[in-house]
Amino acid sequence: MNNKKRIEILTRLRAENPHPQTELNWNSPFELLISVLLSAQATDVSVNKATAKLYPVANTPQAIFDLGVDELKTYIKTIGLFNSKAEHIIKTCRLLLDKHQGQVPEDRAALEALPGVGRKTANVVLNTAFGWPTIAVDTHIFRISNRTQFAIGKNVDEVEQKLLKVVPAEFKVDVHHWLILHGRYTCIARKPRCGSCIIEDLCEFKDKVDNE
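Structure report, in brief. Just so you know, these numbers come straight off a predicted model, no measurement behind them.

1. What about helix H1 (residues 3-16)?
An α-helical turn contains 3.6 residues, so a residue and the one three or four places further along point in the same direction.
Here comes step 1: An ideal rise of 1.5 Å per residue puts 20 Å on 14 residues; H1 measures up with 20 Å between its terminal C-alpha atoms.
Here comes step 2: Of the positions making up H1, those classed as buried are Arg6, Ile9, Leu10 and Leu13. Along the long axis of H1, the arc covered by the buried residues comes to 90°, so they all point the same way. Summarising the geometry of H1, the exposed residues directed more than 90 degrees from the buried face are Lys4 and Ala15.
Here comes step 3: A side-chain oxygen of the first residue of H1 lies 3.2 Å from the backbone nitrogen of Lys4; this N-cap is Asn2.

Written out as structure tokens, the structure reads:
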């Protein structure tokens, strides 16, 4: 795929959704961080249902730390891997209190030093909470990048580096959200909805599906 096609794809996605947002509900960088930690191998819908009950009770590092692991589990037990996630979240809250004055650090290394926070989670927080031009590659973005030939890579790190290279600066802040939403609702895993895709004519997927 050439850069002219890539720019046209991004232009169309931007025209359809000029101000894309995460589907996770959050009102502070800390809430976003916790929601992203909870979203691993879980749907945003399930995370939002849990945090709708949790955040009115505890939405700061101190408040969640004060809940303790066992009580935190009662709020997130409907989410997959809730046992390990509860442990990570309590440890993360302790580190935020001890090392960062209870604030989420706007720093990649500091974020990745938190329990359960890897490069993808750090990218989401830096991008969504702080407006950094980072690109978090999840399964949707990995699939779309390779399927459309927009940014080919054997793993998420390769795809991220390719995207950072080929996406022009004016699109970088929002491209993560455009691609993830496109993958979630149009270019779905099992049977992509090619017939209703606004970039079908630009996509280089060889096995397009004739549908609506």
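We are not done yet, so read on.
2. Describing the pattern of salt bridges
Here comes step 1: Considering all chains together, one arrives at nine salt bridges under this definition.
Here comes step 2: Among the ionic pairs, Arg184 bridges to Asp44, the shortest N-O distance being 3.0 Å. Within this pair, whereas Arg184 is found in helix H10 (residues 169-185), its partner Asp44 is found in helix H3 (residues 44-54), the two being separated by 140 residues in sequence.
Here comes step 3: Overall, the relative accessible area of 12% leaves Asp44 in the buried class.

3. Quick notes on the layout of surface pockets
Here comes step 1: Roughly 630 Å³ of internal volume is contained in the largest pocket.
Here comes step 2: Lining the largest pocket are 31 residues, and of these Val36, Ser39, Ala40, Lys120 and Asp138 sit closest to its centre.
Here comes step 3: Put simply, the parts of the chain that give the lining of the largest pocket at least two residues each are helix H2 (29-39), helix H5 (82-99), helix H7 (119-128), helix H8 (139-147) and H10.
Here comes step 4: Examining the composition of the lining of the largest pocket, we find that five residues originate from one element, H10, more than from any other.

4. Here we look at the nonpolar core
Here comes step 1: Counting 34 residues, the largest nonpolar core has Leu33, Ile34, Leu54, Ile64, Leu72, Ile89 and Leu111 as its most contacted members.
Here comes step 2: Contributing elements (two or more residues each) for this core: H2, H3, helix H4 (61-76), H5 and H7.
Here comes step 3: With sequence-adjacent residues up to four places away left out, Leu111 is seen in contact with Val104, Pro105, Val117, Ala122, Val125 and Leu126.

5. Topic: helix H9 (residues 156-166)
Here comes step 1: Among the residues of H9, those classed as buried are Val159, Glu160, Leu163 and Val166. One face of H9 carries all of its buried residues, which in axial projection span an arc of 145°.
Here comes step 2: For H9, the capping residue at the N-terminal end is Asn155, with a side-chain oxygen 3.1 Å from the backbone nitrogen of Asp157.

Quick notes on the rules
- Once a new chain begins, its residue numbering starts again from 1 and follows that chain's sequence as written.
- In view of the model being predicted, local features appear only for residues whose pLDDT reaches at least 70, and side-chain atom pairs are presented and counted only at 80 or more, with totals across whole chains, interfaces and linings using the full set of residues.
- Here the side-chain values reflect all heavy atoms present in the structure, with hydrogen atoms and water set aside.
- The helix and strand labels rest on DSSP assignments: H or I over at least four residues marks a helix, E over at least two residues marks a strand, and numbering proceeds from the N terminus.
- Helices are assigned an expected span. That span is 1.5 Å times one less than the residue count.
- Remark: exposure states derive from per-residue accessible area (1.4 Å probe, protein chains only) relative to the maximum for the residue type, with buried under 20%, exposed over 50%, and partly exposed in between.
- The arc in question is traced by the directions running from the helix axis to the C-beta atoms.
- Any pair of N or O atoms that falls within 3.5 Å is considered a polar contact. Within protein, one atom must be able to donate a hydrogen and the other to accept it, and sequence-neighbouring residues count only if both atoms are side-chain atoms.
- Each salt bridge in this description consists of a side-chain nitrogen of Lys or Arg and a carboxyl oxygen of Asp or Glu lying within 4 Å of one another.
- Space inside and on the surface of the protein is sampled on a 1 Å grid over the protein atoms alone, with a cavity defined as a set of points where a 1.4 Å probe fits but cannot get out and a pocket as an open set with protein on both sides within 12 Å along at least 5 of 7 lines; lining residues have an atom within 4 Å of a point.
- Grid points are joined across faces, edges and corners, and a volume is the space filled by probe spheres set on the points.
- In these notes, a set of buried Ala, Val, Leu, Ile, Met, Phe, Trp, Tyr and Cys residues joined through side-chain atoms within 4.5 Å is what counts as a nonpolar core.
- In this description, contact between two residues means that some pair of their heavy atoms is separated by no more than 4.5 Å.

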